[in-house]
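Survey of secondary and tertiary structure
Each chain is listed here by its residues.
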Amino acid sequence: MSLAIKDDEVDIVIGALRSDLTTFMNEWRPMFSRFHLIIVKDPDLKEELKIPEGFNLDVYGKPEIDQVVGSSTSILFSGYSCRYFGYLVSRKKYIISVDDDCLPARDPKGFLVDAVAQHISNLTNPATPFFFNTLYDPYAEGADFVRGYPFSLRGGVKCALSCGLWLNLADHDAPTQALKARQRNSRYVDAVMTVPAGSLIPISGINIAFEREAVGPALVPALKLAGEGKCRWETMEDIWSGLCVKVVCDHLGLGVKTGLPYIWRTDRGDPIASLKKEWEGVKLMEEVIPFFQSVRLPREATTVEECIVEVANAVKERLGSMDPVFARAAKAMLDWIKLWQSVGSSSSRSSAV
Amino acid sequence: MATVSPTPLLKDELDIVIPTIRNLDFLEMWRPFFQPYHLIIVQDGDPTKTIKVPEGFDYELYNRNDINRILGPKASCISFKDSACRCFGYMVSKKKYIYTIDDDCFVAKDPSGKDINALEQHIQNLLSPSTPFFFNTLYDPYRSGADFVRGYPFSLREGVPTAVSHGLWLNIPDYDAPTQLVKPLERNTRYVDAIMTIPKGTLFPMCGMNLAFNRELIGPAMYFGLMGDGQPIGRYDDMWAGWCTKVICDHLGWGVKTGLPYIWHSKASNPFVNLKKEYKGIYWQEELIPFFQSVALPKDCTTVQKCYIEISKQVKAKLGKVDDYFNKLADAMVTWIEAWDELNPSGDISAKIPNGASK
């Protein structure tokens, strides 16, 4: 049922927060080498990037970012948010993005997981957000819809976003990881499933893929915590971005999948140190989740850009006075849409309802 | 973290309900896991037939004559010649929890080759909270080795009581007749090592083959409808109960889990027989799903019984025009609640409705 896609329809976008990418690139070489890569260097990173030979890639750093978006707007792209610049300038239909401290994982049989191929499969097979299939992905080999699944819903809808998972260092927040210092994720759950329409999930930016043409503008670099740092424990930008994407997908009838593929996330950092540095993010979620659960987009919003503008306005109106981080997020979202329209839109098509 | 405490047996708090028309030989394989428990066997079909129960099990058995005797005229709500009759077992049970399993379901093995104690897993599922308000991407956060992911609000991490634990099946998957006809050889060999809460507001097709629930919480909603002899439809019993149950759980703030445990489903039923039974359902389902998706229960429905009666009214009002069957079903739903309350007079379990929960 999946569409066959050509290699030149895919960009792999990597945000580089550390300079030496040798091991990372070499380990991923079997999966990456067919595709074009965009590597975006964190503007705050001083050292030169070390990238091994043999890849078809473009590298962007502070000078290029400043040139394309202007140095005042480039503030959007520091730290983990540098990857969004890659999403902006890509001209491909699909984007796959993993953090630079992640390596290919092995499945329970010991085989290396081709995360790129799995993400592509997730994106090119339909999603089924309107009714839960108890055997998970009905389009997977050896599976199908179960008894009771309405036939009219079996065609599914387009999958716009694929969220993968992590073995070893899972994406817990700092308090959780600090409390369970030795806990590592060793459970390989062999399933892909569609997140039901109307349900929100925390979408981690560590291992994702999306159809840029369908939802590109909805992945917004907007929520910058006051103490945001260079460890995922010190950020919530991806969680915010993911909530925006899910709300937009629900409104436009697009699907979001979660589950396979796994990547192996290497041990890095100290959750207690991160917690000392940045603890606001965890508190903010108490406001953020109810807000996104209650956002309602008007029928007239029929494109991704229109939807994001609506969400941004709602953020400003309902969260803006609660914490300056929200007012800044709303502004960043509006700036992002303007940027997308001027820089990003030459190959992106908006999804109409 | 420290050692995980062992799962309580709950042997005096849980009944195993088994519908059968043939024999109960399958219990031999389950003996190591089921023997401590009381069984309620609901004999379907010809009541003159004797069902042989393996030695050593503590059980009560009901056939059609017993059902008629106990319920009198209200027995009309219990299906005849269909495994849907099992819900009579839920009604007469006096226990807090129910596990129901089909007589062609056997012990499965996990990927390491170990026998799966399905009942123990169901108990774990029922005794640990559910998380219906926000999806955890690492699935059940209360399992050992797992937890909530970054971004999951702390205020939602206590979870809510779990009302239902829906298990799955290896080998013969629970497909409808058309799918069985197209893929007669397909077997489910994928062991998905996860339990997850089905989000609030999301419906699913519940299967009664390997199902456990908190009877004290949700029992009255587990009516398996009018199926089988004299009815225009079959194989929709568990799904009907599942849709009613999910709507009520969503309204009252309880959780429904799906995933582990697996059992081994051995017998593929005849797809042509199934097609005849399901045929109308395949069309009606297209009306049923939008119906259940849009059921709104008023705030004063604070007990399962009140919710269920309200749903029956809406079934009559909105589905009666699809087919007269739904008028009969709506009446049977009311009869069921009356019978339930008669046999279980200790009173309803009221749930505190969370603020603004009604759709």
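Keep in mind that what you see is a predicted model, and the values were worked out from it rather than measured.

Cut-off values and rules
Residues numbered from 1 in each chain as written. Chains lettered and ligands numbered in written order. Predicted model: local features only at pLDDT ≥ 70, side-chain atom pairs only at ≥ 80, totals over all residues. Heavy atoms only, no water. UniProt positions renumbered as here; feature names shortened; annotations may be inferred. Helix = DSSP H or I, 4+ residues; strand = E, 2+ residues; numbered from the N terminus. Buried < 20%, exposed > 50% of the residue type's maximum accessible area, 1.4 Å probe, protein only. Contact = heavy atoms within 4.5 Å. Core = buried A, V, L, I, M, F, W, Y, C linked by side-chain atoms within 4.5 Å. Polar contact = N/O pair within 3.5 Å; in protein donor to acceptor, adjacent residues only side chain to side chain. Pairing = 2+ DSSP bridges. Phe/Tyr/Trp six-rings, centres within 6.5 Å; stacked < 30°, edge-to-face > 60°. Lys NZ or Arg CZ within 6 Å of the ring centre and 35° of its normal. Buried area = accessible area lost by both parts, 1.4 Å probe. Salt bridge = Lys/Arg side-chain N within 4 Å of Asp/Glu carboxyl O. Nonpolar A, V, L, I, M, F, W, Y, C, P; charged D, E, K, R; others polar.

Here we take up the UniProt feature "glycosylation site" (unreviewed entry) in chain B. Those residues carrying the UniProt feature "glycosylation site" (unreviewed entry) are Arg150 of chain B in this numbering. Relative to the helices and strands, Arg150 of chain B is located in the loop between helix 4 (118-127) and strand 6 (162-171). Residue classification places Arg150 of chain B among the buried residues on the basis of a relative accessible area of 1%. Ignoring sequence-local partners within four residues, the contact set of Arg150 of chain B consists of Asp171, His172, Asp173, Pro202, Ser204, Arg232, Thr235, Met236, Asp238 and Ile239 of chain A.

With that settled, consider the nonpolar core. Phe32 and Trp240 of chain A together with Ile218 and Trp240 of chain B are the most contacted members of the largest nonpolar core, which totals 246 residues. The residues touching Trp240 of chain A, leaving out its near neighbours within four places in the chain, are Val220, Ala222, Leu223, Val288, Phe292, Val315, Leu319, Phe326, Ala329 and Met333 of chain A.

Let us now look at the UniProt feature "site: Required for activity" (unreviewed entry) in chain B. Per the UniProt annotation, the sites labelled "site: Required for activity" (unreviewed entry) are Arg150 and Arg157 of chain B. Checked against the element boundaries, Arg157 of chain B lands in the loop between helix 4 and strand 6. On the accessibility criterion, Arg157 of chain B (12% relative accessible area) is buried. Leaving out residues up to four positions away in the same chain, Arg157 of chain B has contacts with Asp173 and Thr176 of chain A together with Tyr142, Phe148, Val149 and Tyr152 of chain B. Among the polar contacts listed, one links the side chain of Arg157 of chain B to the side chain of Thr176 of chain A, at a separation of 3.2 Å.

Here, UniProt's "glycosylation site" (unreviewed entry) annotation points to Arg147 of chain A. Among the structural elements, Arg147 of chain A can be located in the loop between helix 4 (115-124) and strand 6 (159-168). The exposure class assigned to Arg147 of chain A is buried, which follows from its relative accessible area of 5%. The contacts of Arg147 of chain A, once residues within four sequence positions are left out, are Asp174, Tyr175, Asp176, Pro205, Cys207, Arg235, Asp238, Met239 and Glu278 of chain B.

Residues and elements named next belong to chain B. In terms of burial, strand 9 (residues 255-265) is largely enclosed, as 10 of its 11 residues are buried. Relative to strand 9, strand 5 (residues 105-107) runs antiparallel, the two being bridged by three bridges. Residue pairing across strands places Cys105 opposite His265, the latter belonging to strand 9. Two strands pair when backbone bridges link them, and strand 6 and strand 9 are joined in this way by nine bridges, in the parallel orientation. Each residue of the ladder has a partner; that of Asn171, found in strand 9, is His265. Pairing between strand 7 (residues 195-197) and strand 9: three bridges, direction antiparallel. If you follow Ile195 over to strand 9, its bridge partner there is Gly259.

Our next topic: the UniProt feature "site: Required for activity" (unreviewed entry) in chain A. Within this numbering scheme, the UniProt entry marks Arg147 and Arg154 of chain A as carrying the feature "site: Required for activity" (unreviewed entry). Mapped onto the elements of the fold, Arg154 of chain A is located in the loop between helix 4 and strand 6. Other than its neighbours up to four places away in sequence, Arg154 of chain A contacts Tyr139, Phe145, Val146 and Tyr149 of chain A together with Asp176 and Thr179 of chain B. A polar contact is formed between the side chain of Arg154 of chain A and the backbone oxygen of Tyr149 of chain A, at a distance of 2.7 Å.

What follows concerns the packing of aromatic side chains. Residues and elements named next belong to chain A. Throughout the structure, instances matching the rule amount to 37 aromatic pairs over all chains. Aromatic ring contacts, followed pair by pair, group Tyr60, Phe77, Tyr84, Phe85, Tyr87, Phe210, Trp336 and Trp340 into a single cluster. Over the aromatic face of Tyr80 sits the side chain of Arg232, whose NZ or CZ is 3.9 Å from the ring centroid.

Here we take up the interface of chain A and chain B. Taken together, the contact pairs 57 residues of chain A with 60 residues of chain B. Taking both partners together, chain A and chain B bury about 5000 Å²; carbon and sulfur atoms supply 57% of that area. The interface formed by chain A and chain B holds 10 salt bridges in total. Asp173 of chain A is the salt-bridge partner of Arg157 of chain B, the closest N and O atoms lying 2.6 Å from each other. Connecting chain A to chain B are 30 residue pairs in polar contact (both at pLDDT 80 or more). Breaking the side of chain A that touches chain B down by element, the ones donating at least two residues are strand 6, helix 5 (174-179), helix 7 (237-252), strand 9 (255-265) and helix 9 (280-294) of chain A. With five residues, helix 9 of chain A is the largest single contributor of residues to the side of chain A that touches chain B. Here the side of chain A that touches chain B is built from residues that sort into 31 nonpolar, 14 polar and 12 charged.

Our next topic: the pairing of strand 6 of chain B. Residues and elements named next belong to chain B. Buried residues dominate strand 6, accounting for 10 of its 10 residues. Relative to strand 8 (residues 210-214), strand 6 runs antiparallel, the two being bridged by three bridges. Following the sheet pairing, Ser165 is matched in strand 8 by Ala212.

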